[in-house]
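Summary of the model geometry
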Amino acid sequence: MLDIRLIRENAAKVRERLATRGGGDEAKIDQVVKLDERRRALLIEAEALKSLRNRVSKEIGALMAKKKPQEAETKKNETRDIGNKISDLDKAVAEVEKARDELLLSLPNLPHETVPLGKSAEDNPEIRTWGEKAQFAFKPKTHIDLAQSLKLIDFERGTKLSGSGFLLYTNWGARLERALIQYLLELHTTHHGYTEVSPPYVIGRHCMVGVGQFPKFVDQAYAVQEGLDNTTMGQLYLLPTAEAPVANIHREEILKEDQLPIYYCAYSPCFRAEAGAAGVGTRGMIRVHQFDKVELIKLVKPENSYDELEKMVAHAETVLQQLGLHYRVILLCTGDMGFASAKTYDIEVWAPGQHQYLEVSSCSNCEDFQARRMNTRFKAANAENRLPHILNGSGTALARLFVALLETRQQADGSIKIPAARHPYLKAEVIR
C-alpha cells in the first residue's frame, strides 16, 4: 500500500498521481489524512494520560511511605479513572487506525513518472516488435478447428466436467501443454538465473491482500470451503496466479541485504472467476477460468528495480523468440495499469487465426507497494530496515501461447510443425 508518511508530507502530489489513473481514488486522500490526523491526536492524548498516570503512581508510593493511606487511596482512584480513559482512547485509536488502513488498502499504487498518461488500452504506446506476422499460402484455421481436428482439446467435455471456461486437454494437446511448461521452467532456471519453487495452489486471504488482489478483486476469486464447514468459506482461495503465494514467501521477514536480488519462478494453474466477464464460453481458449502459467518474481534493491524490470521483460521475450512467434511490447498507460503496479509492460503475441494480438505476459514493477502490505524488509548496510521492490511477470501464460503456437505453426495439411526449441520436450517435430 502507499506510504502514509508520503501522504502526510505531500498529499497534493499523491492526489495528482492517483488522478492520472482515472479511477477517482484521489478523492479518498482527504479522508485518509483526516483519519490519520485523528489517530495521531488520540495517541498524543493517550500518551499524555499515561505520563500522568505514571506521575500519580509515583505520588502514591511517596504517600504510602509517609503513612498517608487515605490520600494514597484517593490517588489510586484517580489512576483508575485515568486508566479507564486510556483504555477508551486505545480503543478509539484502534478503530480509527483500522478505518484508515482499510482506506489505504483500497488505494492503487502511484504510476511511475515515466508511465504515459492515458485512459485506456487505446492509449498504450507500442515500444517494439519482433519478427513478422505469419503468412500462409492456404486458408489458415483457427486454434479451435486445429485443436478439434487433431484431437488436442475436447471443448465440449471440458464444459461437461466443470462448466464453461474450462479445458480438457487430450493426447498430444496434453503433452504439448506439459512440454511447454517444462520448457519454460528450464529456460528461466537454467539460462535466466531464477530459482524454481512449487507453491500451494490454495492460499490464505492475507496472501491475496499482500499482492493487492484483495480487497479490489475479491469478486474475481474462487473462495474455498473446507468440507461442510461454511465458517471456513473465504479463509482460503484458489490462487489467481503464482504471484500471490510466491511474492509472499518472505512476508513478515527481515532479509539480509546480501540476499538480494532474489529471483523465483513457479508453475501453477491459475483460477479466475471473472464474474460477469464477457467472452467465457464453451469453445476457444482466449478467455477461460483456469489456465497454466509460469510466473517470474523478483525481490530487489530499490535502486536496481527498473533495470531489473527491463531484464524481466527480456526474459519473457526470449520465450517467444525461441518459438519463432511474432509479438509486440507495449507500455501500459496510467489508465490501463494494474492495481499494484507502478509501471507495466505487456507482451502481446500475434495469433493469425484470431487476426489479433493476445497478451501472454505482463511484467510489472510494484516498487515497495506490495512489500509494505506484506511487511517484507531487508536490513541495509547502515542497519536501517528498508522495503525491497517486488516485480512480477508472466514467463509466460500458456493458454494464449498455445493458441498462437497452433495458429502460427499450422501447415497446409492441418498438422502443426513444432519449433526446434520444443523438440527435446515434446519428443516430436510434427503433430498430426
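The following paragraphs examine the structure supplied in this document. (Residues numbered from 1 in each chain as written. Predicted model: local features only at pLDDT ≥ 70, side-chain atom pairs only at ≥ 80, totals over all residues. Heavy atoms only, no water.)

Some remarks on the nonpolar core
Our working rule: Put simply, buried Ala, Val, Leu, Ile, Met, Phe, Trp, Tyr and Cys residues joined by side-chain atoms within 4.5 Å make one nonpolar core. Under the scheme applied here, a residue whose accessible area is under 20% of the maximum for its type counts as buried, over 50% as exposed, and between as partly exposed, the area being computed with a 1.4 Å probe on protein chains only. Every residue pair with non-hydrogen atoms within 4.5 Å of one another is taken to be in contact.
The biggest cluster of nonpolar side chains holds 60 residues, and the ones touching the most others in it are Ile153, Met285 and Leu320. With sequence-adjacent residues up to four places away left out, Ile153 is seen in contact with Ala147, Leu167, Leu168, Tyr169, Thr170, Met285 and Phe402. Counting 30 residues, the second-largest nonpolar core is a separate cluster that includes Leu18, Leu49, Val56 and Leu104.

Here's the deal with the sheet that holds strand 12 (residues 377-379)
Our working definition: Note on pairing: two strands pair once DSSP finds at least 2 bridges between them. In this text, helices come from DSSP runs of H or I with a minimum length of four residues, and strands from runs of E with a minimum of two, each type numbered from the N-terminal end.
With mixed pairing, the three strands of this open sheet are ordered in space as 6-12-13. Sheet topology places strand 6 (254-256) and strand 13 (385-386) at the edges, where each strand pairs with a single neighbour.

Details of the pattern of salt bridges
Counted only if it meets this: Salt bridges are identified by distance alone: a Lys or Arg side-chain nitrogen within 4 Å of an Asp or Glu carboxyl oxygen.
Taken as a whole and judged by the stated rule, the model has 22 salt bridges. The salt bridge involving Asp36 is made with Arg8; its shortest N-O contact spans 2.6 Å. One end of the pair, Asp36, is in helix 3 (residues 29-65); the other, Arg8, is in helix 1 (residues 4-9), with 28 residues separating them in the sequence. Given the relative accessible area of 35%, Arg8 is considered partly exposed. In this structure, Glu126 engages Arg328 in a salt bridge whose closest nitrogen and oxygen atoms are separated by 3.8 Å. Taken together, the residues Glu126 in strand 1 (residues 126-130) and Arg328 in strand 9 (residues 327-331) connect sequence positions 202 residues apart. Accessibility expressed as a relative area gives 46% for Glu126, which makes it partly exposed.

Re the packing of aromatic side chains
We count it as follows: Pairing of aromatic rings covers Phe, Tyr and Trp, the last through its six-membered ring, and needs centres within 6.5 Å; plane angles under 30 degrees mean stacked, over 60 mean edge-to-face, and all others mean tilted.
Tallying each qualifying case throughout the model produces nine aromatic pairs. Considering the side-chain rings of Trp130 and Tyr327, the 5.9 Å spacing of their centres and the 15° angle between planes classify their relative orientation as stacked. Here Trp130 is found in strand 1, whereas its partner Tyr327 is found in strand 9, with 197 residues between them in sequence. On the basis of relative accessible area, Trp130 is assigned to the partly exposed category, the value being 32%. Exposure remark for Tyr327: the relative accessible area of 1% places this residue in the buried category. Measuring from ring centre to ring centre gives 5.7 Å for Tyr183 and Tyr425, while their planes differ by 65°; the resulting arrangement is edge-to-face. Within this pair, whereas Tyr183 is found in helix 7 (residues 172-190), its partner Tyr425 is found in helix 13 (residues 423-426), the two being separated by 242 residues in sequence. Taking relative accessible area as the criterion, Tyr425 reaches 23% and is therefore assigned partly exposed.

With respect to the packing of helix 3 against helix 4 (residues 69-106)
Going by this rule: Note on method: axes are straight lines fitted to C-alpha atoms, helices fitted across the in-contact stretch only, with angles between N-to-C directions ranging 0 to 180 degrees. We call two directions roughly parallel when the angle between them is under 35 degrees, roughly antiparallel when it is over 145, roughly perpendicular when it lies between 65 and 115, and oblique otherwise. Crossings are sorted by hand: turned counterclockwise from the far helix by less than a right angle, the near helix makes the crossing left-handed, and turned clockwise it makes it right-handed. Under this grouping Gly is polar, as are all residues other than the nonpolar Ala, Val, Leu, Ile, Met, Phe, Trp, Tyr, Cys and Pro and the charged Asp, Glu, Lys and Arg.
With their axes 8 Å apart at the nearest point, helix 3 and helix 4 run at an angle of 160° to one another. In terms of orientation, helix 3 lies roughly antiparallel with respect to helix 4. Two packed elements cross with a definite hand, and for helix 3 against helix 4 that hand is left-handed. Taken together, the residues of the contact of helix 3 with helix 4 break down into 22 nonpolar, four polar and 15 charged.

Comments concerning the environment of Lys133
Relative to the elements of secondary structure, Lys133 occurs in the loop between strand 1 and helix 5 (143-149). Using a relative accessible area of 36% as the deciding quantity, one classes Lys133 as partly exposed. Spatially, the C-alpha atoms of Lys133 and Ala351 are 8.6 Å apart, while their sequence positions differ by 218 residues. Not counting the four nearest positions on each side in its chain, Lys133 is found in contact with His326, Trp350 and Tyr357.

Section: the sheet that holds strand 8 (residues 290-300)
Taking strand neighbours across the sheet as the criterion, the eight strands line up as 1-9-10-11-14-8-7-2 in an open arrangement whose pairing is mixed. One side of each edge strand has no neighbouring strand; the edge strands of this open sheet are strand 1 and strand 2 (195-196). Bridging between strand 7 (residues 262-271) and strand 8 involves ten bridges; their strand directions are antiparallel. Looking at the pairing, Pro269 lines up with Asp292 of strand 8.

Looking at the packing of helix 7 against helix 10 (residues 305-322)
The geometry of helix 7 relative to helix 10 is characterised by a closest axis approach of 11 Å and an angle of 130° between their N-to-C directions. Our classification of the angle between helix 7 and helix 10 gives oblique. As for the relative orientation of helix 7 and helix 10, their crossing is right-handed in sense. Here Tyr183, Leu184, Leu187 and His188 of helix 7 lie close against helix 10, whose contacting residues are His315, Thr318, Val319 and Gln322. For the contact of helix 7 with helix 10, a count of residues per class yields four nonpolar, four polar and no charged.

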